[in-house]
Every structure is written in structure tokens, then in C-alpha cells.
Amino acid sequence: MSPVRLVVSDVDGTLVTRDKQLTPGVIAAVHRLHTRGIAFTVVSSRPPFGIRMLSAPLKLMLPMGAFNGSTLFSPDGSIIENHTIPHDAVDVALDLLNERGVEIWLFTAERWLVRRGDTPYVARERHTIDFEPEVVDDNALPRDGICKIVGVSEDFELLAACEPDLKAALGKAAHAARSQNYYLDVTPPSLDKGTFVEESAARLGIPLKEVAVIGDMANDLPMFLKGGISFAMGNASDAVKKRATYTTSSNEEDGVASAIDKILALA
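Residues numbered from 1 in each chain as written. Predicted model: local features only at pLDDT ≥ 70, side-chain atom pairs only at ≥ 80, totals over all residues. Heavy atoms only, no water.

- Looking at an unreviewed UniProt entry, one finds the protein named Sugar phosphatase YidA, with Afipia felis as its source organism.

Here it is as C-alpha cells:
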């Protein structure tokens, strides 16, 4: 097995706990990577402004991936590369989600737009990304500059049923996948966490076989396909675990720290 020179981690359900905190154990483990000269970065369905708080405690120096890797930004928050969802695909997604009675959020690189600000998941997301949404009327929802559309529902089965229908409706015009049981994300076409891993490795001149990736959801599988070693979190579904090289402990049990220790032991 090739030595690992780059580690790429998902954030929610992976790097942070259920209450969206970095534990001392995970912070210390990432610092051990730095000490050993192994690069580390993160990719998430979150917007750039919802990931920035990780930079200081983890001492991140590499570009990070937002919106499932379709936006790249520096640790100082500056945007390196940004892609948006085509106007027609925005219309398709909004029409289908509205038809199914799913709550809708829109994200740009700088804004979070909602139609209601008093729902439980808005409160949860506000805590997660430490950012305030803008409440706008239906007729004020923009179609241009949209980096992510999120269908939100506490009816997990409804969102699970919407996912394949939305994928079929969008075709190749945009990418649709759940990032949590309660979030169905639409992001720009042809870009995902796998393409982020490829670009991150290329920037460093590191072969993909020397990249380790860590995640918990189906939207992490594209990077499992690219990395030389993949770790599924203990809280991941069986379907995700089957696609990984290893399974580590859960995000409530410092699973990322355990994965990093395994990586260091293999180095």
C-alpha cells in the first residue's frame, strides 16, 4: 500500500460531532498529520462561510471545498474558483421541490436565502454554519449565481423518494444528492467531492493512490472512488461502509482521529 501524503475529510457526520463541534482528539490528530508532513484539507456541502471556522483550530493551509467541491476557497475565505447551477436547472429543481412540499433554501457564495426563518432546520443550520439567513418571498428568489439548492424536510422518506426523481429531472444539468437525511442538495454539474480530491492532489503533485479520504454519506462516495484509501465513519450506512477500504468509529467517538492514527501507522 502506498504511503499517504494527503488526507481529505468530509465535515458533517465525519469531522464534527452531532452538535457540530470539533473535539480535542480530532484537533490533535490533524495536528499530528501536520507534524508528519501529511497534507490535510476538507470538503463539504456547506457554503464557504460555513467552513471558515475550521481553519484556525485545525491550522488549515490548503484550499477547501464548499458546495460538495464545486467552490474552492482559501483558509482566509477568499474564493479561488466558483461554479453555479445553470438557470434552467434551478427552475427544474425549484419546481419539483415545490411540487413535493419540500422546504427550499438557496445559497450563493455569499448569501443564504430562505422563505421562512422560523423553522427548526433553519435554527439548526444557523448554529452549524454560524451565519444568518435572508428571508425572501417566493417571487424574490433569484435564479442566477446559485451555488446550491437545498430541499429540507423532517420527512426523511419523502426526501429519499425525491432524490432519484430529482436526479432524473435534472439529468446532466446539475448534481443531486442528500448530504444528510434531512437535506437534499443540488449543486453544479460535473463537479463533486471526487473532482475536489483530484484537483487537490494535482495541486500538490500527489498521485491519487497516496490520498486518503474520510466520509459518512452517499455524497462522499465520489471521493471514495478517487482516494487510494477510504474510511467510512461508524455512523455511516451499511451501503457506504461497503464501499470503503476501512470503517472507523463514529463521529461521536473521534472516528476521524482513529482513521488518522491508522493512516500514520501505515505510513
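Structure's up, so let's keep going.
## Comments concerning the pattern of salt bridges
Okay, step 1: One pass over the structure, following the stated rule, counts 17 salt bridges.
Okay, step 2: Glu 198 is the partner of Lys 226 in a salt bridge, and the nearest nitrogen-oxygen pair spans 3.0 Å. Of this pair, Lys 226 sits in helix 7 (residues 221-226) while Glu 198 sits in helix 6 (residues 193-204), and the two are 28 residues apart along the sequence.
Okay, step 3: Salt-bridge contacts for Glu 199 lead to Arg 203; the nearest nitrogen and oxygen are separated by 3.4 Å. With Glu 199 and Arg 203 both in helix 6 and 4 residues apart, the pair spans about one turn of that helix.
Okay, step 4: According to the relative accessible area criterion, Glu 199 is partly exposed, its value standing at 25%. (Salt bridge = Lys/Arg side-chain N within 4 Å of Asp/Glu carboxyl O. Helix = DSSP H or I, 4+ residues; strand = E, 2+ residues; numbered from the N terminus. Buried < 20%, exposed > 50% of the residue type's maximum accessible area, 1.4 Å probe, protein only.)

## Quick word on the sheet that holds strand 3 (residues 64-66)
Okay, step 1: Reading across the sheet, the 3 strands line up as 3-4-5 and stay open at both edges, with antiparallel pairing between neighbours. Sheet topology places strand 3 and strand 5 (79-82) at the edges, where each strand pairs with a single neighbour. In this sheet, neighbouring strand axes are inclined to one another by 20° on average, regardless of whether the strands run parallel or antiparallel.
Okay, step 2: In terms of strand pairing, strand 3 meets strand 4 (residues 71-73) through 3 bridges, oriented antiparallel. Within strand 4, the residue paired with Gly 65 across the bridge is Leu 72.
Okay, step 3: Against the sheet, helix 6 contacts strand 3, strand 4 and strand 5, and its axis sits at roughly 35° relative to strand 4. (Pairing = 2+ DSSP bridges. Axes fitted to C-alpha atoms, helices over the stretch in contact; angles between N-to-C directions. Contact = heavy atoms within 4.5 Å.)

## A closer look at unusual backbone geometry
Outside of glycine, negative phi angles account for most residues, and trans bonds account for most peptide bonds.
Okay, step 1: Although it is not a glycine, Ser 190 adopts a positive phi angle of roughly 65°.
Okay, step 2: With respect to the helices and strands, Ser 190 occurs in the loop between strand 11 (183-187) and helix 6.
Okay, step 3: Looking at Ser 190, the relative accessible area reads 69%, which means it is exposed.
Okay, step 4: Of note in the backbone geometry, Asp 254 takes a positive phi value of approximately 55° without being a glycine.

## Quick word on the domain arrangement of the protein
Okay, step 1: Taken domain by domain, the protein holds domain 1 (6-82 + 191-266) and domain 2 (87-187).
Okay, step 2: Computed over C-alpha atoms, the centres of domain 1 and domain 2 are 23 Å apart.
Okay, step 3: Interface of domain 1 and domain 2: buried area, both sides summed, is about 1,700 Å²; carbon and sulfur atoms make up 59% of it.
Okay, step 4: Where domain 1 touches domain 2, the interface holds 0 salt bridges.
Okay, step 5: Taken together, the connections running from domain 1 to domain 2 amount to 4 residue pairs in polar contact (both at pLDDT 80 or more).
Okay, step 6: Its residues assigned to classes, the side of domain 1 that touches domain 2 shows 6 nonpolar, 8 polar and 6 charged. (Domains from an automatic or database assignment. Buried area = accessible area lost by both parts, 1.4 Å probe. Polar contact = N/O pair within 3.5 Å; in protein donor to acceptor, adjacent residues only side chain to side chain. Nonpolar A, V, L, I, M, F, W, Y, C, P; charged D, E, K, R; others polar.)

## Brief notes about helix 6
Residue pairs spaced three or four apart in an α-helix point in one direction, given the helix's 3.6 residues per turn.
Okay, step 1: In a regular helix each residue adds 1.5 Å, so 12 residues correspond to 16 Å; helix 6 covers 17 Å between its end C-alpha atoms and thus fits that length.
Okay, step 2: Taken residue by residue, helix 6 has Lys 193, Gly 194, Phe 196, Val 197, Ser 200 and Ala 201 as its buried positions. One side of helix 6 holds all its buried residues, which, seen down the axis, span an arc of 160°.
Okay, step 3: Contact partners of the buried residues in helix 6: strand 1 (6-9), strand 2 (39-42), strand 3, strand 4, strand 12 (211-215) and helix 7.
Okay, step 4: Residue Asp 192 occupies the N-cap position of helix 6, its side-chain oxygen lying 2.8 Å from the main-chain nitrogen of Gly 194. (Expected span 1.5 Å × (residues − 1). Arc of directions from axis to C-beta.)

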